[in-house]
Amino acid sequence: MTNILDTLSKPLLKLRRKRLSNRIFADAGGVVQLGVFAGLKLDGNSNVSRSCLGQKVLGIYEAAVFEEIERRGPFGDAVCVGAADGFYALGLVKSGLAKRSICFEITADGREAIVRNAVENGVSDKIVVLGKADETFSQRLKANNFNAGNALVICDIEGAEFPVLSSDVLSVLDGAVLIVELHDKIMKDAASLRSALIDRIPVSYEKKVVREKPVDWRGIAALENLSDNDRGLAASEGRKVIGEWLIAAPKK
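Only a predicted model underlies this, so the values are computations on that prediction, with no experimental measurement involved. (Residues numbered from 1 in each chain as written. Predicted model: local features only at pLDDT ≥ 70, side-chain atom pairs only at ≥ 80, totals over all residues. Heavy atoms only, no water.)

Teacher, can you tell me more about the overall build of the protein chain here?
Regarding its fold elements, the protein chain presents 11 helices and seven strands. What you see for the protein chain is a C-alpha radius of gyration of 18 Å, in line with the 18 Å of a compact globule of 252 residues. For the protein chain, the C-alpha atoms occupy an extent of roughly 50 × 45 × 35 Å along the three principal directions. Partitioning the intrachain contacts of the protein chain with sequence separation of at least 6 by distance along the chain shows that 75% fall at a separation of at least 24. Carbon and sulfur atoms make up 53% of the accessible area of the protein chain, which amounts to about 12,600 Å² in all. Counting 35 positive and 33 negative side-chain charges, the protein chain places the averaged centre of each group 1 Å from the other. (Helix = DSSP H or I, 4+ residues; strand = E, 2+ residues; numbered from the N terminus. Rg over C-alpha atoms; globule rule 2.2 N^0.38 Å. Contact = heavy atoms within 4.5 Å. Areas by Shrake-Rupley, 256 points an atom, 1.4 Å probe, with all protein chains shown as cover. Lys, Arg positive; Asp, Glu negative; His and termini not counted. Charge placed at Lys NZ, Arg CZ, Asp CG, Glu CD.)

Now the structure itself:
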């Protein structure tokens, strides 16, 4: 009976979480209401899950990442590897936390969303949209006059961070602050993948791993007005494991 209930409840909870997210997003008109990206407008149509849209417009999405960005910014260039709908890339330039964003996004839907949202937010002249981060990654950065000094790199590519962030690529990024979402816990050879990536980062860098924090919903009317159950779902990304990011920055 327990297995049957689990099988039935998981898709229903996922559906409920997405419905809540869509409602919060619609009520906000797709505009981020709180946090450093306040005023950023998203159309909600891209290659990313809609279950995170509510968190984005409420300013509670990936709080651990935002703490690092705000503490270390502003930046010159921002490189978003796995740019998705352009949330970080566009938010960084619109907020003044970066002068330019270079986006690597594998899907056509994602690239088209970035372009649309850039136009909507009036930042098209500050956005470069490229394709997959492959073996030409370093060459394309150089072709776009990337300057690693005072740069930020945000990488979220579902496990591909381990082969993409090779020693050669890291040498091109030397001087930039790196924020890399780690997906090793859902992969084979998790411990060796993580340790190898950390070891490849130059000794001139300080390194740490931060974990996602519980959402503080106090003072956010859109969450306070929900039931306890719905509030928990609206604040959840539905992750299988707790989100973790490798933060690496040049030592001062």
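Looking at this structure, how should I read the pairing of strand β3 (residues 127–130)?
Successive residues of a regular strand alternate their side chains across the two faces of the sheet. Of the pairings in the sheet, the one linking strand β2 (residues 98–104) to β3 comprises four bridges and is parallel in character. Bridging from a neighbouring strand, Phe104 pairs with Leu130 of β3. Following the chain from β2 across helix α5 (residues 108–121) to the adjacent parallel β3, one finds a crossover that is right-handed. (Pairing = 2+ DSSP bridges. Right-handed = clockwise from strand over helix to strand, strands pointing away.)

Looking at this structure, how should I read the packing of helix α3 (residues 63–72) against helix α4 (residues 87–94)?
For any two helices packed against each other, one specifies the inter-axial angle together with the distance between the axes. The geometry of α3 relative to α4 is characterised by a closest axis approach of 13 Å and an angle of 35° between their N-to-C directions. Crossing handedness for the pair α3 and α4: right-handed. Along the contact surface, α3 presents Val65, Phe66 and Ile69, while α4 presents Phe87, Tyr88 and Leu92. For the contact of α3 with α4, the class distribution of residues is six nonpolar, no polar and no charged. (Axes fitted to C-alpha atoms, helices over the stretch in contact; angles between N-to-C directions. Left-handed = near helix turned anticlockwise from the far one by under 90°. Nonpolar A, V, L, I, M, F, W, Y, C, P; charged D, E, K, R; others polar.)

In this structure, what is going on with the sheet that holds β3? I would like to understand it.
Strands in a sheet are paired, the pairing made by backbone hydrogen bonds, and the direction either parallel or antiparallel. Spatial ordering of the open sheet is given by β3-β2-β1-β4-β5-β7-β6, a layout of seven strands whose pairing is mixed. Whereas interior strands pair on both sides, the edge strands pair on one side only; in this sheet they are β3 and β6 (205–211). On average, each strand axis in the sheet is inclined to that of its neighbour by 15°, with strand direction left out of account. With respect to the sheet, α3 is in contact with β1 (75–81), β4 (152–155), β5 (177–181), β6 and β7 (244–250), its orientation differing from that of β6 by roughly 145°. Sitting on the sheet, helix α9 (residues 190–200) is in contact with β5, β6 and β7, with an inclination near 15° to β7.

Looking at this structure, how should I read α3?
In an α-helix, one turn spans 3.6 residues; hence positions three or four apart end up facing the same way. What α3 keeps buried is the set Ala64, Val65, Phe66, Glu68, Ile69 and Arg72. Buried positions along α3 lie against β1, α4, β4, β5, β6 and β7. (Buried < 20%, exposed > 50% of the residue type's maximum accessible area, 1.4 Å probe, protein only.)

Could you clarify how one ought to interpret the nonpolar core in this entry?
Soluble globular proteins tend to bury their nonpolar side chains together. Within the largest apolar cluster, 48 residues are counted, with the highest numbers of intra-cluster contacts made by Ile69, Phe87, Tyr88 and Leu92. Of all the elements, α4 adds the most residues to this core, at six residues. Not counting the four nearest positions on each side in its chain, Ile69 is found in contact with Phe75, Tyr88, Leu92, Leu97, Leu152, Ile154 and Ile179. Counting residues in each nonpolar core, the second largest holds 31 residues, with Val128, Ile157, Leu170 and Ala176 among its members. (Core = buried A, V, L, I, M, F, W, Y, C linked by side-chain atoms within 4.5 Å.)

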